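Results of the structural survey
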Amino acid sequence: MKSLERSRKFQTAGVYAFFIIGSIIMIFPFVWMFLTSFKTVEESMIVPPTILPEHWQVQNFTDAMASLPFLALYKNTALMIFLRVVCAVLFSSMAGYAFAKLHFKGKNLLFSLVLIQMMLPAQIFITPQYQMLAKLGLTNTIFALVFPGLVSAFGTFFLRQAYLGIPEEIAEAAYLDGCNQWQTFYKIMAPLTKASMAALAVFTAVFAYGDLMWPLIVNTDLNMMTLSSGLATLRGQFSTNFPVMMAGSLLAMIPMVVLYLFFQKQFIEGVAMTGGK
Amino acid sequence: MQNLSKRARSESLWGYLMVAPTVIGLLVLNIYPFLDTIKLSFSKTRPFGLYELRGLENYIEMFTSAEFWRANVNTLYFCLLTVPIGIFLALIVAVMLNAKIKGRTFFRAVFFLPMVVAPAAVAMVWKWMFNTEYGIINTLLGHQINWITDPNIVIITCAIVAIWSSIGYDAILLLSGLQNISKSYYEAASLDGASKLQQFFQITLPMVSPTLFVVLIMRLMSSIKVYDLIYMMVEESNPALTNAQSLMYLFFRESFVTGNRGLGSAVVIWTVLVIALVTAVQFWGQKKWVNYEV
């Protein structure tokens, strides 16, 4: 019995060792980004490198903010994420509910559009989507950033699954209580899918935030870029000045990381629920 | 009876109204662009945004281009590096996260962290760490390796960053599969004297195989479509560009840098066909190893 206990202790120690090494590998790049962002260019080029900056100086942050309009980037990114999340959750809820619970002719045919979109990679839509916007003169706008995310096939599919899991009797009871179709959906059914809606919101936000190709293509005006596409521009300007690039990267990642620290559970569960996309 | 048909009519009216935004959106944003991309792949760009149908010209140009075949090789190499190693490591992390230890919520959050950081920022810091002269990785190794400019190494470098970025995401998905495995299987096995390793291969692996399959498909698809990370790590002026360029990077450069949208569209169509083929092979192959009898 004693040897069993000892082997269990040994195992726990092994798991901890694994996690501590793993955590260092996962966190170190961010620590290094942080430390480098306070160094001068000269200091960043010392070999072997200093660990802590000799003088903590904020010059890199002012340099990054001078060459990129960070306030505009934050605003554009936040608006893009907000509008994409609202559209995805609202339209997908409506369509998901109708596809799951209502009877109408041609339902399966219309739902097959959702499945086709899900099977195709986003890049196949990009060139024509861009050409439509260019023709309408709508490039370099917030609308352009939101455009491909106005509707979400994945969201529709995902919320349809959520509505399929709700028993028919609930809608029936609401109907007998005098609710019309919209009231049944809005007041009774939609609140029951809260967890799924939250998961879809997290999923949409995380992927909109990281998206690079689309914002690079549609919004070439510096003041209309997102944080991601702005960083790509910064990379071109300061190709050897790594402290400035680290400062810019830090500024770009901070809002989402702060949100993550507060809503860590919702982030992870949201992604686990929508997983496999 | 009349009441019932009135209800049915109102139901189908609401049905159409509620799917309308999504259906119209899909038609405008996806179905039409999908067909248009197919058309573009058979056309040449003319001034003033006009197009001229040119048959197979783009495809012939694509199939005779060394850069295109190189992009295929690069993408394949990237997939071979990231998919097996990434999923293997993610599975280990998931099994560890499934252990009953203190602080596992913290460790889970740490591994997941790269998911909430934009790939652009992730690529920046790794590019700095992989810098030949001043990067911390070469300092630690004591060697001057050209991680980003050596044509033979650059894909490996990108693959390392890709694995680091996705390991937490894949582990979270696998973890939810592991948590569905009933504890009683393990209790029975340890009464029978099965070692932890035997338990892993005889219980964990078969039971988690459906989740593993989903993660595999997803990771493979996103690896074939890789673009942002390589774009950020390897810029236009990098001498190793043609050895790092993935299919989607080639598509982006042809369509939006060179402005040859016909050829770019042909590259996308090719990539879609590759994805379709790979997915079909996976679904056919899963019968041999995925266990659905639980």
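Residues numbered from 1 in each chain as written. Chains lettered and ligands numbered in written order. Predicted model: local features only at pLDDT ≥ 70, side-chain atom pairs only at ≥ 80, totals over all residues.

When helices and strands are tallied, chain B shows 13 helices and two strands. Taken over C-alpha atoms, the radius of gyration comes to 24 Å for chain B, far larger than the 19 Å a tight globule of 294 residues would show. Viewed in the frame of its principal axes, chain B has a C-alpha envelope of about 85 × 75 × 35 Å. Across the 294 residues that make up chain B, the buried fraction comes to 43%. In chain B, the share of contacts with a sequence separation of at least 24, taken over all contacts with a separation of at least 6, comes to 70%. (Helix = DSSP H or I, 4+ residues; strand = E, 2+ residues; numbered from the N terminus. Rg over C-alpha atoms; globule rule 2.2 N^0.38 Å. Buried ≥ 20, exposed ≤ 12 C-beta atoms within 10 Å, placed from the backbone. Contact = placed C-beta atoms within 7 Å.)

Here the focus is the interface of chain A and chain B. When the parts come together, some accessible area is lost, and that loss is often what is quoted as the size of the interface. Listed as interface residues are 77 residues of chain A and, on the opposing side, 72 residues of chain B. Per element, the largest residue contribution to the side of chain A that touches chain B is 13 residues, and it comes from helix 1 (residues 2-36) of chain A.

Residues and elements named next belong to chain B. Counting residues in each nonpolar core, the largest one holds 157 residues, and the members touching the most others are A121, C158, A171, L174 and I230. The biggest single contributor to this core is helix 7 (residues 154-178), with 14 residues. Apart from residues no more than four positions distant in its own chain, A171 is found in contact with A90, V93, A94, L97 and F111. (Core = buried A, V, L, I, M, F, W, Y, C linked by C-beta atoms within 7 Å.)

A few words on the domain arrangement of chain B. All names here are of chain B. What the domain assignment reports for chain B is domain 1 (2-41) and domain 2 (66-289). Relative placement of domain 1 and domain 2: their C-alpha centres are 36 Å apart. Domain 1 puts four residues into the contact, and the matching count from domain 2 is six residues. Looking at the side of domain 1 that touches domain 2 residue by residue, the classes come out as two nonpolar, two polar and no charged. (Domains from an automatic or database assignment. Nonpolar A, V, L, I, M, F, W, Y, C, P; charged D, E, K, R; others polar.)

For helix 8 (residues 183-191) of chain B, a buried count of zero out of nine residues is recorded, marking the element as mostly open to its surroundings. Remark: G193 of chain B follows helix 8 of chain B within two positions and exhibits a positive phi of approximately 85 degrees.

Relative to the helices and strands, T36 of chain A is located in helix 1. Spatially, the C-alpha atoms of T36 of chain A and F125 of chain A are 39 Å apart, while their sequence positions differ by 89 residues. In contact with T36 of chain A, other than residues within four places in its own chain, are S44, F242, P243 and M246 of chain A together with W128 of chain B.

Residue and element names in this part refer to chain A. Here V47 and P48 are connected by a cis peptide whose omega angle stands at -10 degrees. With respect to the helices, strands and loops of the structure, P48 is situated in the loop between helix 2 (41-44) and helix 3 (59-67). The residue N140 is not glycine, and still its phi comes out positive at about 60 degrees. Structurally, N140 can be placed in the loop between helix 6 (123-135) and helix 7 (142-146).

Turning next to the domain arrangement of chain A. Residue and element names in this part refer to chain A. Here chain A is described as being made up of domain 1 (2-59) and domain 2 (62-274). When each unit is reduced to the centre of its C-alpha atoms, the spacing between domain 1 and domain 2 is 34 Å. Listed by partner, the interface residues are 10 residues for domain 1 and nine residues for domain 2. Elements that contribute at least two residues to the side of domain 1 that touches domain 2 include exactly helix 1 and helix 2. No other element matches the three residues that helix 1 contributes to the side of domain 1 that touches domain 2. Its residues placed into classes, the side of domain 1 that touches domain 2 shows four nonpolar, five polar and one charged.

Here the focus is the confidence of the model for chain B. Residues and elements named next belong to chain B. This prediction gives chain B a mean pLDDT of 91; 97% of its residues lie at or above 70. Within chain B, helix 3 (residues 66-97) carries the highest mean pLDDT (96), whereas strand 2 (residues 50-53) carries the lowest (78). Reported for the predicted complex are a pTM of 0.92 and an ipTM of 0.91. (pLDDT = per-residue confidence, 0-100.)

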